[in-house]
Amino acid sequence: MTQRAGIEPDGPEQGGGGAAPAGTAIDAGAELDPVHPIRPPAPRFKPAGLTTAEVAERVARGAVNDVPVRSSRSTADIVRANVFTRFNAIIGVLWVVMFFVAPIQDSLFGFVIIANTGIGIIQEMRAKKTLDSLAVIGEAKPSVRRDGRTAEISTSEIVLDDVIELGPGDKVVVDGLVGEADGLEIDESLLTGEADPVLKKPGDPVMSGSFVVAGGGAFTATKVGREAYAAQLAEEASRFTLVHSELRSGISTILKYVTWMMIPTSIGLIISQLVVKDNNLKDAIARTVGGIVPMIPEGLVLLTSVAFAIGVIRLGRKQCLVQELPAIEGLARVDVVCLDKTGTLTEGGMDVTECRPLGGADAAYVKKVLGALGESDPRPNASLQAIIDAYPDSAEWRCTESLPFSSARKYSGASFSEGDGENNTWLLGAPDVLLPAGDPALEEINELNEQGLRVLLLGRAAHELDDPAVATGVKPTALIVLEQRLRPDAADTLRYFEDQDVKAKVISGDNAVSVGAVAGKLGLPGAENTVDARKLPTDQGAMAEVLDQNAVFGRVTPQQKRDMVAALQSRGHTVAMTGDGVNDVLALKDADIGVSMGSGSEATRAVAQIVLLNNSFSTLPSVVAEGRRVIGNITRVATLFLTKTVYSVLLAVLVVCSQVEYPFLPRHLTLLSTLTIGIPAFFLALAPNKERAKPHFVKRVMRYAIPGGVIAAVACFVTYVIARHHYTGPDALKAETSAATLALFLTSMWVLAIIARPYTWWRVGLVGAMGGAFLIVLVVPWLQDFFQLKLEGAAMPWTAVGIAAGAAVLIEFTFRWVNRKFPA
């Protein structure tokens, strides 16, 4: 699996790579087009790329890669999603009706909806602005040849027939045909599902969505923009989204059931009120609307959107790009985080600390070999770059063949004509891969690994590079000792995960002992127990057992990383995977949450849900904390909203069955909703919350909302019935409503007091302020008239207080019993 270096690009019709005449090479997009079974001629590969005039001509005729970059929802989508909702439509119709039959006080609920919708749009627009600016920063810029020069341009600026260069980690952004290849290996697993990289030669097709795992080359763009079907798939798959979230799907499920409950209840309420109030149609309609409106948990969806949007903005300020919104929620649920050592725990760069010749090898000759190896790879990885910095190429040797480094095989190589008639093939890579078990050199290497040092073996190969057995019979020539730079923030971040009961697993392609030493320096629990992944069982259950019991794994192949993620998920774990290299792509894609460094390869950034643009591992705790704040708080406030829905539906049912007037006008429930739910929920939704998010959102919310709502409805209705027997006269209904409102307010306030726990000064102040606001309404004359609330006498108001106190005690007892009986 090698490719000869220095391909001559000027041969006839290089699109065919010499393997076939022009016109017979595969068109990268032809296989996706069943309408045109005859493949068009392949374009001639131009090593210098297009000229400025040719680019301008293609731009003029629209042959540009105009697929939008990954971004947030459009402004129109945001407005549409916030305005055109099922419940906004219902409330809008009721609002219009109320304008004609009742005073403005009874239409307040409509103004609240407008304000809520406006807040939602503004917050999402702010989040969009943040995301779009970060997306531009994090956008990959392919290297394109034009006018004989190579420059980085935006993906959207690529035109048809552009020559695009490829190197390890680069994502193929458009469909095309290979024109140059130097050991070019491309992973097409994200398109085909096949994990093995494919060796590409001139004339071979490359598909958008695949990525380079080894080697380099260049290809001609044959399909750009929306013609590249695979590019469309990649765009749709990676587009910013608000779906596939347990929280959102849970809320949708709840709203679906609420809708079905509302329909028969509303019909019954309408009929009963028209019958009871046959002499006053307008008042009957007003009280019917007053019964329907509070059934709708309209603010719940808004608060969820606002909480997520503010989370995006907060993280954006910390240079964290959230490419898929549910990632905030997902990371809050994570209980296992898999860390790739290089680039995550250690910084990307390395330093050569020592070169130890073996078997009497000449030190000066070894340095020449290392310099030549560095020169043979146009896109060196971090290890080889350190060698290049330490040993610049000084020998004028000719590289006849090269084998780029691959994380799957763990070594690279090159063959040289050394100018004196000598031809040698050299390999540079993992000692425990290139040397047989028991080799004396391994003992020396282990001592170095235990110090956390990285060791590479330089060896003379006994076979040609294209021989499958090239790594067999390698003669050890030298050990190159590399020191890795630890990230200064890594230890604190690992400590945070330990405190938050999130298990950290270090998964690396490096030597297990070396990885364990690095993890030990950073204080990772269990770092002393290292596992060589080559000895891992292939059975998923057995692998999961080993993963649960250990924390550090070395010599892990890319496919094994993927298998390890699946094994952990099979045990019910929510897995986050961090990485920055090509070897992490498959695992990042399969993990529940993929986290990439901003300096990572283009492929890793493309598949990750979260990109740390500042390359700081220490940003992760902020993301976890933000997710926990959003999920924990939305779960809290959802209980408030759905308690109101439950008591509104049950109260309507009791009214229908009793054939009495509905006790409330819309203004009463607008006041109650604002003070016991709307204002408190907004503050509680944005408060700090460190509790790890738990599954079963619907169950967790409804186990409190149902009993809370039932008790509140019964307390309110009992108060209302007693008041109907207590008061007489023309103003009796107003006094009855006031008593029922007081009972419902006090009961709802106790639910709020429970939800606000654990108490802090501001939470106590929030609950107190809501109680104080209601008291002001009861004592200020013009507010009494505005809301039609006035407590008459002393006996009935105190009866309402007593009933509410009993309901509060029952709610407290019930919530505690539910928590013990049905833990979520």
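See the structure above.
Right, let's walk through the structure included here. (Residues numbered from 1 in each chain as written. Predicted model: local features only at pLDDT ≥ 70, side-chain atom pairs only at ≥ 80, totals over all residues. Heavy atoms only, no water.)

## Digging into the overall build of the protein
Which entries qualify depends on this criterion: The numbering of helices and of strands both runs from the N terminus, where a helix is a DSSP run of H or I of at least 4 residues and a strand a run of E of at least 2. With a 1.4 Å probe rolled over the protein chains alone, any residue whose accessible area is under 20% of its type maximum counts as buried; one over 50% counts as exposed, and the rest are partly exposed. For this analysis, residues touch if any pair of their heavy atoms sits within 4.5 Å. Methods summary: accessible areas were calculated by the Shrake-Rupley approach with a probe of 1.4 Å, and residue burial reflects only the protein chains presented.
Looking only at helices and strands, the protein has 27 helices and 21 strands in total. Relative to its 824 residues, the protein shows a buried fraction of 58%. Excluding contacts between residues fewer than 6 apart, the proportion of contacts in the protein whose partners are at least 24 apart in sequence is 73%. Total accessible area on the protein stands at roughly 33,300 Å², and carbon and sulfur atoms take up 59% of it.

## What to know about the pattern of salt bridges
Using the following cut-off: By convention in these notes, a salt bridge is any Lys or Arg side-chain nitrogen within 4 Å of a carboxyl oxygen on Asp or Glu.
This model, assessed by the stated rule, comprises 24 salt bridges. R58 is paired through a salt bridge with D161; the nearest N and O atoms lie 2.8 Å apart. On the criterion of sequence distance, the pair formed by R58 in helix 1 (residues 52-60) and D161 in the loop between strand 2 (149-152) and strand 3 (163-166) is long-range, its members being 103 residues apart. The partner of R146 in a salt bridge is D162, with the nearest N and O atoms 2.6 Å apart. Of this pair, R146 sits in strand 1 (residues 143-146) while D162 sits in the loop between strand 2 and strand 3, and the two are 16 residues apart along the sequence. Accessibility classification places R146 together with D162 in one group, the buried group. By sharing partners, the salt bridges in this structure join E57, R58, R61 and D161 into a single network.

## Let's talk about the packing of aromatic side chains
To keep things clear, this is the line we draw: Between rings of Phe, Tyr and Trp, where Trp is taken as its six-membered ring, a pair exists when centres lie within 6.5 Å; planes separated by under 30 degrees are stacked, by over 60 edge-to-face, and by other angles tilted. We call a charge positioned over a ring when the NZ of a Lys or the CZ of an Arg lies within 6 Å of the ring centre and within 35 degrees of the ring normal.
Using the criterion set out here, one finds 11 aromatic pairs in the structure. Members of the aromatic cluster, connected to one another through ring pairs, are Y365, W397, F416 and W426. The ring of Y257 carries K256 above its face, with NZ or CZ at 5.5 Å from the centroid.

## Here we look at the nonpolar core
Definition in use: Side-chain atoms within 4.5 Å link the members of a nonpolar core, which is a set of buried Ala, Val, Leu, Ile, Met, Phe, Trp, Tyr and Cys residues.
With 131 residues, the main nonpolar core has L331, L524, I610 and F774 as its most contacted residues. The contacts of L331, once residues within four sequence positions are left out, are A576, I593, I610, L620, V623 and V624. Among the nonpolar cores identified, the runner-up in size contains 27 residues, and V336, C338, I507 and M564 belong to it.

## Looking at the layout of surface pockets
Definition in use: A cavity here means a set of 1 Å grid points, computed over protein atoms only, where a 1.4 Å probe fits but cannot escape. A pocket is an open set with protein on both sides within 12 Å along at least 5 of 7 lines, and lining residues have an atom within 4 Å of a point. Grid points are joined across faces, edges and corners, and a volume is the space filled by probe spheres set on the points.
Counted as a void, the largest pocket has a volume near 1,200 Å³. For the lining of the largest pocket, the secondary-structure elements that each account for two or more residues are strand 7 (211-223), strand 10 (346-357), helix 12 (382-390), strand 11 (398-406), strand 13 (423-429), helix 13 (431-434), helix 14 (440-449) and strand 14 (454-460). Of all the elements, helix 12 adds the most residues to the lining of the largest pocket, at four residues.

## Observations regarding the environment of V369
Relative to the elements of secondary structure, V369 occurs in helix 11 (residues 363-376). Put simply, V369 and A395 are 26 residues apart on the chain and 8.2 Å apart in space, counted from C-alpha to C-alpha. Beyond its immediate chain neighbours, meaning those up to four positions away, V369 contacts W397, W426 and L458.

## Some points on the sheet that holds strand 21 (residues 610-612)
Here is the rule we go by: Should DSSP find at least two bridges between two strands, the strands are taken to pair. For helices, the fitted line uses only the C-alpha atoms of the stretch in contact; every axis is such a line through C-alpha atoms, and the angle between N-to-C directions lies from 0 to 180 degrees.
With mixed pairing, eight strands are arranged side by side in an open sheet as 8-21-20-19-9-16-18-17. With one partner strand each, in any of the chains shown, strand 8 (320-322) and strand 17 (530-532) form the two edges of the open sheet. Sheet twist, expressed as the average angle between the axes of neighbouring strands with direction ignored, equals 20 degrees. Inspection of the sheet shows strand 9 (residues 336-339) paired to strand 16 (residues 503-507) by four bridges, in the parallel sense. By the bridge assignment for strand 16, V337 is matched with A504. Contacts from helix 18 (residues 558-570) reach strand 9, strand 16, strand 18 (552-554) and strand 19 (575-579) within the one sheet, and its direction differs from that of strand 19 by about 160 degrees.

## What about the environment of E188?
Along the chain, the position of E188 falls in the loop between strand 4 (175-187) and helix 5 (189-192). Considering only alpha carbons, one finds E188 and F211, 23 residues apart in sequence, at a separation of 6.8 Å.

These figures capture arrangement, not role.
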